Structures are given as C-alpha cells and as structure tokens.
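One letter stands for each residue in the lines below.
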Amino acid sequence: MQRAAIVLSSFTVSKPYLSLNEITSQLGASKATAHRYTKALRAANLLRYDERTALYSLGPQVLTLAGAARAGLPIVDAAEPYMDQLVKTVDETVVLSVWDGETATVVRSADNTDHIIRIGVRAGARLDLTNSAQGRVFCAFLPRDQVPSLTKLLRRSPELEQEFEGIRKHGLSLNSPDINGVRTIAAPIFEGSSIVAAMAIVGTTVSISTDIDSPQAQALLATTRALSQRLGNPE
C-alpha cells in the first residue's frame, strides 16, 4: 500500500506524465517491482498507460477519490451555512476554494440564485494563480515558501506585489482580471492565524462592483470574518 501511494504521489501538475524508469526511481525498487505496481494501479483505473509514448498518467478513478476527499474537508462543512446565507444576501454565486499546494482549487460552489441565467463554477476546478481573485488571496496571505512559482511570476509582473499589499490591507481581492464578462471578488478565511480557504462572489461585470465599499464586498468581508472568528481567528 505504501509503495502504491509513492507511485501515485509521484505525479504532479508540473509532471503529469512519467516513464517506468522514473517511477522505478521514485520507488527505489527494481523495474520488475515498479511494473507490478503500475499494472495493479492500471487495473484499478488509478493509472493509465499510453502505449504510443510509453508514459503513465493518473487514471480517472483518481478524480473520484479527489472529489470525495474535497467533500470531506472540515472547512467545507464549516463554510456551507455561511455560503448559503451569503448567496441569499447578494443573490450571486458563492465559491469556496482551498490551497492544493500549487494554486487555488474549488471545493464548493453555491449557485442557487434567483437569476434566470446562473454562473456555475465546477468543484475541482483549479484556478489560475494570479489571474483569479482566489489565487491572489492565497498569494497575499500564504508564506512565500508555500507558493513556489510566485517568485518567478513577480519577476515577470512586479506590479502584482502592490496588488498583494492591497489585498492584505483591505482583506479583499477586488481587481483580478475580468474574463468573458465575469467578475470575481474574494476574501481569505483563517483558522487561527493561518489562511485555510478563500471565499468568493462570482457575478458579471454589471452586477459586481470593484468598489471596496460596495454591498457585495462588505457582505463578503463580514461573512469571511465571522467564519474566521468561529475557526479561532481573533481579529
């Protein structure tokens, strides 16, 4: 079981395809042993193998397990009533994201608004690190060593540092790029003094303002602060 876990954890977003030699190296075992484990994982749909490239990648069953893991996160249960109340207050889609080690990943979306056309966000969606409001929240509040790609991104776009300072000052990410007429504002959720999630309101550029004093921004801020206090944040 431990060796199977080592094989699966060898795959990352930056390295989604591995050869048998690379898997063997990760295992620290013989090639025959590595082949035996990859064969068993393929039978369980946890790995797939491309005969054309002779490379392995994670299989579809991993998505099912990942969804179950996300649904079982304590922050999801804690945030659910706060999200549902916020939807009623602002009548816009509300999204909860957590840090997956590389970027923000959506773990719950509440889109039961009264709008004829609803904006839905898929649970499991991985958001752009700096082009999403939630990604920028994590960039602003996580320790730098937990965001390994941030140093390179800041070299390319040094103006982002000023944006992160504004997010830390106001507790809100208001200026992420608008994509296809959709606008998102986000705020951090803390457990103690550490960020554990980001909550966001997703709407259109017509319905969502980038003004820090807008009703949506203030409702989001009040909600995330209340949830953070429940989780032990003193501020």
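Residues numbered from 1 in each chain as written. Predicted model: local features only at pLDDT ≥ 70, side-chain atom pairs only at ≥ 80, totals over all residues. Heavy atoms only, no water.

Per an unreviewed UniProt entry, the protein chain carries the name IclR family transcriptional regulator and comes from Dactylosporangium roseum.

### Examining the packing of aromatic side chains
Put simply, the rule is: Centre distance within 6.5 Å is the pairing criterion for rings of Phe, Tyr and Trp, where only the six-membered ring of Trp is used; planes under 30 degrees apart are then read as stacked, over 60 as edge-to-face, and the remainder as tilted.
What the rule picks out here adds up to three aromatic pairs. Aromatic pair Tyr49 and Tyr56: ring centres 4.7 Å apart, planes at 45°, arrangement tilted.

### Notes on the packing of helix H6 (residues 133–141) against helix H8 (residues 159–170)
In plain terms, the rule: A fitted line through C-alpha atoms serves as each axis, taken over the contacting stretch for helices, and the angle formed by two N-to-C directions is quoted from 0 to 180°. For helices the rule is a DSSP run of H or I covering at least 4 residues; for strands it is a run of E covering at least 2, with both sets numbered from the N terminus onward. Roughly parallel means an angle under 35 degrees; roughly antiparallel, over 145; roughly perpendicular, 65 to 115; everything else is oblique. Any two residues whose heavy atoms approach within 4.5 Å at even a single point are treated as in contact. Note that Gly is not counted as nonpolar here; it falls among the polar residues with everything else outside the nonpolar set of Ala, Val, Leu, Ile, Met, Phe, Trp, Tyr, Cys and Pro and the charged set of Asp, Glu, Lys and Arg.
Orientation of H6 relative to H8, taken along the N-to-C sense of each, is 85°, at an axis distance of 9 Å. With respect to their mutual orientation, H6 and H8 come out roughly perpendicular. Mapping the contact onto sequence places Arg136, Val137, Cys139, Ala140 and Phe141 in H6 and Leu160, Glu163, Phe164, Ile167 and Arg168 in H8. Classifying every residue of the contact of H6 with H8 by side-chain character gives seven nonpolar, no polar and three charged.

### A short note on the side chain of Ser173
Here is the rule we go by: Definition of a polar contact: a pair of N or O atoms within 3.5 Å, with one able to donate and the other able to accept a hydrogen when the atoms are protein atoms, and with sequence-neighbouring residues admitted only if both atoms are side-chain atoms.
Counting through the fold element by element, Ser173 comes out in the loop between H8 and strand E5 (182–191). A polar side-chain atom of Ser173 sits 3.4 Å from the main-chain carbonyl oxygen of Ala133. Discounting residues that sit within four places of it in the chain, Ser173 has contacts with Ala133, Arg136, Val137, Ile167, Thr184, Ile185 and Ala186.

### Focus on the environment of Ala133
As for its placement among the helices and strands, Ala133 is situated in helix H6. Considering only alpha carbons, one finds Ala133 and Arg183, 50 residues apart in sequence, at a separation of 8.9 Å. If near-sequence neighbours (up to four positions away) are discounted, Ala133 is found in contact with Ser173, Ser176, Thr184, Ile185 and Ala186.

### Description of the side chain of Thr223
Here is the rule we go by: Only protein chains enter the accessibility calculation, which uses a 1.4 Å probe. A residue is then buried if its area is under 20% of the maximum for its type, exposed if over 50%, and partly exposed in between.
Looking at the secondary structure, you find Thr223 in helix H9 (residues 215–230). By relative accessible area, which is 12% here, Thr223 ends up buried. One polar contact links the side chain of Thr223 to the main-chain carbonyl oxygen of Ala219, over a distance of 2.8 Å.

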